[in-house]
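# Examination of the molecular architecture
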Amino acid sequence: MVDYHAANQSYQYGPSSAGNGAGGGGSMGDYMAQEDDWDRDLLLDPAWEKQQRKTFTAWCNSHLRKAGTQIENIDEDFRDGLKLMLLLEVISGERLPKPERGKMRVHKINNVNKALDFIASKGVKLVSIGAEEIVDGNAKMTLGMIWTIILRFAIQDISVEETSAKEGLLLWCQRKTAPYKNVNVQNFHISWKDGLAFNALIHRHRPELIEYDKLRKDDPVTNLNNAFEVAEKYLDIPKMLDAEDIVNTARPDEKAIMTYVSSFYHAFSGAQKAETAANRICKVLAVNQENEHLMEDYEKLASDLLEWIRRTIPWLEDRVPQKTIQEMQQKLEDFRDYRRVHKPPKVQEKCQLEINFNTLQTKLRLSNRPAFMPSEGKMVSDINNGWQHLEQAEKGYEEWLLNEIRRLERLDHLAEKFRQKASIHEAWTDGKEAMLKHRDYETATLSDIKALIRKHEAFESDLAAHQDRVEQIAAIAQELNELDYYDSHNVNTRCQKICDQWDALGSLTHSRREALEKTEKQLEAIDQLHLEYAKRAAPFNNWMESAMEDLQDMFIVHTIEEIEVQQLVPKRDHALLEEQSKQQSNEHLRRQFASQANVVGPWIQTKMEEIGRISIEMNGTLEDQLSHLKQYERSIVDYKPNLDLLEQQHQLIQEALIFDNKHTNYTMEHIRVGWEQLLTTIARTINEVENQILTRDAKGISQEQMQEFRASFNHFDKGEAEFNRIMSLVDPNHSGLVTFQAFIDFMSRETTDTDTADQVIASFKVLAGDKNFITAEELRRELPPDQAEYCIARMAPYQGPDAVPGALDYKSFSTALYGESDL
């Protein structure tokens, strides 16, 4: 629908405003006076009257069809005033007084008078035109009245380069057709006879509709018909003249040509307004779609990161120990993989997530959109809390791993000690039960018995000496149980067997002593009986006893044990040498790590301090600052091999089971955390400058203003209510922190204009043909496909009293784009 409603303002035309015309066009009062003072004799020219009838009828019907009606005979169909009033309502967008429905002449005159009064209320001076003449079907007066309406509502408000009305329309035609050969528009009659001017107007605005180079100046009828048919088919401009009538008339009717050409002006002017409106809407929607895409990306990245944290924390909190050092060292290796392989990308994701969030908030502020509020549990603060929990679990996990390895190392040492002592004891007890059970004393002589008793006494002394070893074995087994040694069952079984055997040996030793002593007494009695004989055989007996004693001494095996001890001494010396070499190697690893850590740690701390100063003292243009920061970031990234070397040295230390280092105060964990903070801080600082560039370019802030904003950043002070308002804008997520970027956005928003919901609503109103709603068909016709479907999917059905099926509410949609914020 052509937008004539701008003409609804109250204009006062007539003698009192004669000097207010723009440019060369003069005032409407002057112009209308000239036009109304027409030569009535010329109207009697049948050709001109025919052209006016056809043109004015078509013009009226182009508007009446919007109300579902039309006229056939311009003289007759306006006589009762009903369609005349309807025509004025359609082209003005206003309601006229209620018409009278009677058939009498007085009713018709009253209706026509209502229409004429409405025309006069728009500042139009009606000369020699009365209601009676219209009711009587006076063709000359009726055409004059319609021409007056056309002038007021279709031509008066045309304004081009400080000219208006007829002169403005003529200038518009001249500007649009200037590049075309054989076209020279100087008037609204003969300049249009060959049809090239009509075709040029169409081609200038819709080049795909006209093949202008194929037109010939000497074929005006073809040219005119081509323009009229294309205009009717593609531009919704009804055919208002016949080509033959124009060609066959020496001077076509100026009013008819002006009316026809004004329809082209409004069609293309309306198209231009629609294009402008569509461009504004497309720009707004593109911003909104990009922001929604960034929001979706944030939500997905946040969800993925939080899910990774959720899965990882239970793994880090798992404190189920493994049975062996090898299994625990595998856990430690898995943890190293986590630190080296799995976590670093997540550190980058977390940093990028914060950067994306800050950039998104900047773009939302720049486009007057409400601040982005992530889904519940996905705020940056939620991610930071989750990350802090992760790092606490991570630190506790590494401490637990190292303590567990220490425990297993202690257990392995105790278990080996238990096995060694148990094996020695078992080797010593081997055969002892059989020896004690041996009844060799039953056939022994008295001297044999005495030798056996001496041997038994030596065994009892040895047995008593082994009591301490058995107690040590039992004590080690008890400690292994207390330390939850995985193979405690076998240790306990072996220990119990040793203890049971020890008790048995004690019992057997006691029994053998009793048997030996009893046998000794018996043999001594027998020996008394042989005393006499012995005295007589003393020399021989002495020799025999001496030999027997020598033979019996061979069964005391002290010398073999002494030999075994001598064999263990060099083994012990070798073990001590190995331990000394190990400790020397460990000390080398400690010093190697400390030497590197004592360089890397202070370097990271220095860089953190430098970044803090840079962010405060930055000079030069924002581009210079950005370039400097990125160069600084590259220098930091280039330092990464030093961290990798330190990680390798740390791995060697852990593999060597070294748990302390007196040569440095820096642990690998301190270095890792510092490095991650360094990378995150420089990335955030770069992002802040990038967002400042976005703000500057979007709002035209000068370098001087930017410096003033920075100077004001630390010194603004407002009353409590105003302060709360400002804080709601610069800290919408209530984090308690205000960044310089948010402060810039606030300061620049106070002094710059951006698109508003009202402007978007006005643009949709243009596309909707001034309706309070828009249809899916109109959206698909005026907007690119993806943006049209974007609107259709999100617009609620229109609920107003003038709603039609399929009507969509563009007002609530536009308001929703900007939220309820007062941005």
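In this numbering scheme, every chain counts its residues from 1 along its sequence in written order. Per-residue local features are limited, in this predicted model, to residues with pLDDT of at least 70; the limit for side-chain atom pairs, both in listing and counting, is 80 or more; totals at the level of whole chains, interfaces and linings are taken over all residues. Hydrogens are left out, water is left out, and the side-chain values use all remaining heavy atoms of the structure.

### What about the overall build of the protein?
Short version of the rule: The secondary structure listing takes helices from DSSP runs of H or I that are at least 4 residues long and strands from runs of E that are at least 2 residues long, numbered from the N terminus. Each residue gets one of three labels from its accessible area relative to the maximum for its type: buried under 20%, exposed over 50%, partly exposed in between, using a 1.4 Å probe on protein chains only. Throughout, a contact is declared for two residues whenever any of their heavy atoms are within 4.5 Å. Here the open area of atoms and residues is found with the Shrake-Rupley method and a 1.4 Å probe, where only the protein chains shown may cover a residue.
When you go through the protein residue by residue, the secondary structure sums to 29 helices and four strands. Considering the protein as a whole, with its 823 residues, one finds that 44% of them fall into the buried category. When contacts within the protein are restricted to residue pairs at least 6 apart in sequence, long-range pairs at least 24 apart make up 74% of them. Here the protein has roughly 43,000 Å² of accessible surface; of this, 51% comes from carbon and sulfur atoms.

### Quick look at the packing of aromatic side chains
Applied cut-off: Two rings from Phe, Tyr or Trp (for Trp, the six-membered ring) form a pair when their centres are within 6.5 Å of each other. A pair whose planes differ by under 30 degrees is stacked, one over 60 is edge-to-face, and the rest are tilted. Only when the NZ atom of a Lys or the CZ atom of an Arg is both within 6 Å of the ring centre and within 35 degrees of the ring normal do we say a charge sits over the ring.
Within the structure shown, the criterion is met by 28 aromatic pairs. Measuring from centroid to centroid gives 5.7 Å for Y260 and F264, while their planes differ by 45°, and the two rings are tilted. Of the two residues, Y260 and F264 both sit in helix α11 (residues 254-317), four residues apart, roughly one turn of that helix. Every member of this aromatic cluster is reached through a ring pair, and the members are F188, W192, F198, F228, Y260, F264 and F268. Of note, R152 hangs over the ring of F153, and the distance from its end group to the ring centre comes to 5.1 Å. One cation-aromatic arrangement involves R369 over Y818; the distance from NZ or CZ to the ring centre is 4.5 Å.

### Considering the environment of I190
Here I190 is to be found in the loop between α7 (165-177) and α8 (196-205). Spatially, the C-alpha atoms of I190 and I257 are 9.7 Å apart, while their sequence positions differ by 67 residues. In this structure I190 touches A250, R251 and P252, once residues within four positions along its chain are discounted.

### Comments concerning the nonpolar core
Across soluble globular proteins, nonpolar side chains show a tendency to be buried alongside one another. Just so we agree on the cut-off: In these notes, a set of buried Ala, Val, Leu, Ile, Met, Phe, Trp, Tyr and Cys residues joined through side-chain atoms within 4.5 Å is what counts as a nonpolar core.
Residues I149, W192, F198, I202 and F264 are the most contacted members of the largest nonpolar core, which totals 79 residues. Per-element tally for this core: the top contributor is helix α6 (residues 139-155), with 11 residues. The residues contacting I149, other than those within four sequence positions of it, are W59, L84, L88, I91, I119 and A154. By size, the runner-up hydrophobic cluster in this structure holds 43 residues, among which are I309, L414, I476 and I498.

### A closer look at α7
Quick reminder of the rule: Multiply 1.5 Å by the residue count of a helix minus one, and that product is the helix's expected span.
Over its 13 residues, α7 runs 18 Å from end to end, which matches the ideal 18 Å to within 8%, given 1.5 Å per residue. Buried residues of α7: A165, K166, G168, L169, L170, L171, W172, C173 and T177, and no others.

### With respect to the environment of A776
Within the secondary structure layout, A776 lies in helix α27 (residues 776-782). Residues contacting A776, with those up to four places away along its chain left out, are I792, G806 and L808.

### Things to note about the pattern of salt bridges
As a reminder, the rule being used: By definition, a salt bridge exists where a carboxyl oxygen of Asp or Glu is found within 4 Å of a side-chain nitrogen of Lys or Arg.
Within the structure shown, the criterion is met by 57 salt bridges. Here R216 and D218 are joined by a salt bridge, their closest N and O atoms 3.1 Å apart. The salt bridge partner of E520 is K450, with a shortest N-O separation of 3.0 Å. Of this pair, E520 sits in helix α16 (residues 488-529) while K450 is found in helix α15 (residues 446-482), placing the two residues 70 residues apart along the sequence. The network of salt bridges with common partners includes R339, K343, E391, E394, E398, E647, E669, R672 and E676.

### Remarks on the packing of α8 against helix α9 (residues 220-234)
Which entries qualify depends on this criterion: Angular values range over 0 to 180 degrees, each being the angle between N-to-C directions of two axes fitted as lines to C-alpha atoms, with helices fitted over their stretch in contact. Helix crossings fall into two classes, left-handed where the near helix is turned counterclockwise from the far one by less than a right angle and right-handed where it is turned clockwise. The classification used treats Ala, Val, Leu, Ile, Met, Phe, Trp, Tyr, Cys and Pro as nonpolar, Asp, Glu, Lys and Arg as charged, and all other residues, Gly among them, as polar.
Packing of α8 against α9 brings their axes to within 8 Å, and their N-to-C directions diverge by 35°. Regarding α8 and α9, the two cross each other, and that crossing is left-handed. Residues L196, F198, N199 and I202 of α8 form the contact with α9, whose own contacting residues are N223, L224, N226, A227, F228, V230 and A231. Considered class by class, the residues forming the contact of α8 with α9 number eight nonpolar, three polar and no charged.

### Here's the deal with the side chain of R407
To be explicit about the condition: Whenever two N or O atoms come within 3.5 Å, that pair is a polar contact, provided that in protein one can donate a hydrogen and the other can accept it, and provided that, for residues adjacent in sequence, both atoms are side-chain atoms.
Within the secondary structure, R407 is located in helix α13 (residues 380-429). A polar atom in the side chain of R407 sits 2.6 Å from the backbone oxygen of L483. Those residues in contact with R407 that lie beyond four places of it in its chain are P321, Q322, L483 and D484.

### Notes on helix α20 (residues 622-637)
This is how it is decided: Taking the helix axis as origin, the arc is that swept by the directions to the C-beta atoms.
For α20, spanning 16 residues, the distance from its first C-alpha to its last is 22 Å, which sits close to the expected 22 Å at 1.5 Å a residue. Turning to α20, its buried residues are L622, Q625, L626, L629, Y632 and I636. All buried residues of α20 project into a common sector of 125° when viewed along the axis, lining one side.

### Concerning the environment of Q348
Residue placement: Q348 occurs in helix α12 (residues 325-366). The exposure class of Q348 is partly exposed, given its relative accessible area of 44%. Taking the C-alpha atoms as reference, Q348 lies 9.7 Å from A683; in sequence the two are 335 residues apart.

### Re unusual backbone geometry
The phi torsion at A165 lies on the positive side, around 55°, for a residue other than glycine. Position of A165 relative to the elements: it lies in helix α7. With a phi close to 60°, N368 is a non-glycine residue in the positive phi region. Here N368 lies in the loop between α12 and α13. Given a relative accessible area of 7%, N368 falls into the buried group.

### Here's the deal with the packing of α7 against α11
Rules: In this scheme, roughly parallel covers angles under 35 degrees and roughly antiparallel covers those over 145, while 65 to 115 is roughly perpendicular and the rest are oblique.
One can describe the packing of α7 onto α11 by two numbers: an axis separation of 11 Å at closest approach and a directional angle of 65°. Looking at the two axes, α7 sits roughly perpendicular to α11. The handedness of the crossing between α7 and α11 comes out as left-handed. Taking contact as the criterion, the partners of K166, L169, W172 and C173 in α7 are, on α11, E254, M258, V261, S262, F264, Y265 and F268. When the residues that make up the contact of α7 with α11 are grouped by side-chain class, the tally is eight nonpolar, one polar and two charged.

### Comments concerning the state of the cysteines
The test is simple: Our working definition of a disulfide is a cysteine sulfur pair at a distance within 2.5 Å.
The full count for this structure, using the stated rule, is zero disulfides. Free of any disulfide, C282 has its nearest cysteine sulfur in C791, 8.4 Å distant. By relative accessible area, which is 15% here, C282 ends up buried.

### Things to note about the confidence of the model for the protein
Basically, it comes down to this: The pLDDT value tells you how sure the predictor is about a given residue, anywhere from 0 up to 100.
In the predicted model, the protein carries a mean pLDDT of 82, and the fraction of residues at 70 or more is 82%. Highest mean pLDDT in the protein belongs to α9 (95); lowest belongs to helix α1 (residues 28-36) (41). Predicted confidence for residues 1-44 stays below pLDDT 50, and this span has 84 contacts to residues more than four positions away or in other chains. Below pLDDT 50 for its whole length, residues 714-719 participates in five contacts with residues either more than four positions away or in separate chains.

### Digging into the side chain of K421
Condition: For the charge count, each Lys or Arg is scored as positive and each Asp or Glu as negative, with His and the chain ends excluded.
Within the element layout of this structure, K421 appears in helix α13. This buried residue, K421, is left without a salt bridge; D468 holds the nearest opposite charge, at 7.0 Å. Excluding its chain neighbours within four sequence positions, the residues that come into contact with K421 are R469, Q472, I473 and I476.

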